[in-house]
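Inside the fold
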Amino acid sequence: KTLEMWRNFINWRKEFGVDDIAENFDFHEKDAVKENYPHGYHKTDKLGRPIYIERLGSMNIKKVFEITTKERMLKYYVREYERVLTRKFPACEKATGRTVQQSFTILDMKGLPLGQVNSVKNFIQQATSIAQDYYPEMLGRMYIVNAPMLFTGVWAIVKVWVDPKTRAKITILGGKYQNQLLEHVEAENLPTWLGGTSECDDFLINEAGPWCDPQFNGEAEKKAEEKKVDEVEDNNKEAVEPKEETTEDKKDDEETKKEDDEDKKEDEDDEEEDEDRGAKLNDLKNLLSQGAMGDDSAKHHENATPMNTQAGDDDDNRVLAPEKV
């Protein structure tokens, strides 16, 4: 039986075009429909499950189907179920740190005219058929509150089409329901018109919950990733395309060139000074070398002079000798 249900589910998705509906279906009349059929998701229960609310007592079935069609409503339901699976459950899991695969549903029948009971019965039957046939495990708990006495008889008829497992998750309550709801939902997460303290518009047009928070719905990561991609693309673009030089850039380049030229001139002047200093040092070495050679020559001359004087004296003696004789 399980395999057969799986095959039916796959065939239904293909035939109904679920993937295309999830990605591309535009239910542009949503706000107008919600004004005549208030419904939507509002925060989470104590287990972190998204809370789905329908205000069936405020529904105007005739007006709804003047705005849209049965076929478009069915596609809208399917799109919303898919978004619960792909967006709301993952966001709730991130927010709570636990596995979330079911929702908490509240159907409010306050103000339901007796003449619309039969229409609401057909509507509930239609809506629950999609849920139980193709999304059977998504319902965690359902509370039908403010149910009129007449609805008890209607429910006895409707529940025949409801799967026993789904039926076991449904509780029908009259006007004294707040305490039971608060066992499952914190007061700050329950709308004021259901006995909680959370401010919520009457038509549930503006949803609230982790799926609306960029920290949990993936928008923050998506923006960060897009920023990284943009930075990479900008860097690649700068590497491929030369940056257009501005007046400020040209001014900076001229100042840089001027500084480089001054540094180069200073280096050249230093080299010239070094060469001049080296030349003078060589000249000084030569002068010192020549002075040393002059001193040696003078010493040699002084040593030779007494020898010549002595020789002269001897010569004079040799001349004077005959006179003595």
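**Structural notes on unusual backbone geometry**
A positive phi angle, near 55°, is found at N146, a position not held by glycine. Within the secondary structure, N146 is located in the loop between β4 (139-145) and α7 (149-158). With a relative accessible area of 17%, N146 lands in the buried category. A positive phi angle is found at L204, which is not glycine, with a value near 60°. Mapped onto the elements, L204 comes out in the loop between α9 (178-184) and α10 (214-217). For L204, a relative accessible area of 2% puts it in the buried group.

**Side note on the pairing of strand β2 (residues 50-54)**
Judged by how many residues are buried, β2 sits mostly within the fold: five of five residues are covered. In β2, alternate side chains face the same way, and those of P50, Y52 and E54 on one face and I51 and I53 on the other are all buried. Alignment of strand β1 (residues 39-44) against β2, held across four bridges, turns out to be antiparallel. Paired with H39 across the bridge in β2 is E54. If you look at the hairpin formed by β1 and β2, you'll find five residues sitting between the two strands, and G48 has a positive phi there, around 85°.

**Structural notes on the nonpolar core**
Counting residues in each nonpolar core, the largest one holds 45 residues, and the members touching the most others are Y37, M73, Y135 and I144. If you list the elements that add at least two residues to this core, you get α1 (2-16), α2 (18-24), α4 (61-67), α5 (70-96), α6 (117-134), β4 and α7. With ten residues, the top contributor of residues to this core is α5. Once residues within four sequence positions are removed from consideration, Y135 is found in contact with W12, R13, V18, V78, Y81, E82, L85 and I130. Core analysis: the next-biggest nonpolar cluster, separate from the first, contains 15 residues, I51, F104, Y143 and W193 among them.

**Examining the layout of surface pockets**
By volume, the largest pocket amounts to about 860 Å³. Forming the boundary of the largest pocket are 44 residues, of which Y41, Y52, E80, Y81 and K88 lie nearest the centre. Of all elements in the fold, only α3 (30-36), β1, β2, α5, β3 (103-108), α6, β4 and α10 reach the threshold of two or more residues within the lining of the largest pocket. Counting residues per element, the lining of the largest pocket draws most heavily on α5, at twelve residues. Residue composition of the lining of the largest pocket, grouped by class: 24 nonpolar, ten polar and ten charged.

**Things to note about the packing of aromatic side chains**
Ring pairs (aromatic) are described by centroid distance and by the angle formed between their planes. Following the criterion strictly, the structure yields twelve aromatic pairs and no others. Where Y41 meets W211, the ring centres are 6.3 Å apart and the plane angle is 80°; that geometry is what we call edge-to-face. Of this pair, Y41 sits in strand β1 while W211 sits in the loop between α9 and α10; the two residues are 170 residues apart in sequence, bridging distant segments of the chain. W211 shares its class with Y41; the two are buried. By way of ring pairs, the aromatic residues W6, F9, W12, F16, Y81, Y134 and Y135 are connected into one cluster. A cation over an aromatic ring shows up here: R55 above the ring of W193, its NZ or CZ 3.9 Å from the ring centre.

**What to know about the pattern of salt bridges**
This structure, assessed with the given rule, holds eight salt bridges. Across the pair R13 and E82 runs a salt bridge, and its minimum N-O distance is 2.8 Å. Of this pair, R13 sits in helix α1 while E82 sits in helix α5, and the two are 69 residues apart along the sequence. Like E82, R13 is buried.

About the cut-offs
Residues numbered from 1 in each chain as written. Predicted model: local features only at pLDDT ≥ 70, side-chain atom pairs only at ≥ 80, totals over all residues. Heavy atoms only, no water. Helix = DSSP H or I, 4+ residues; strand = E, 2+ residues; numbered from the N terminus. Buried < 20%, exposed > 50% of the residue type's maximum accessible area, 1.4 Å probe, protein only. Pairing = 2+ DSSP bridges. Core = buried A, V, L, I, M, F, W, Y, C linked by side-chain atoms within 4.5 Å. Contact = heavy atoms within 4.5 Å. 1 Å grid on protein atoms, 1.4 Å probe; cavity = no way out; pocket = protein on both sides within 12 Å on 5 of 7 lines; lining within 4 Å. Points joined across faces, edges and corners; volume = space filled by probe spheres on them. Nonpolar A, V, L, I, M, F, W, Y, C, P; charged D, E, K, R; others polar. Phe/Tyr/Trp six-rings, centres within 6.5 Å; stacked < 30°, edge-to-face > 60°. Lys NZ or Arg CZ within 6 Å of the ring centre and 35° of its normal. Salt bridge = Lys/Arg side-chain N within 4 Å of Asp/Glu carboxyl O.

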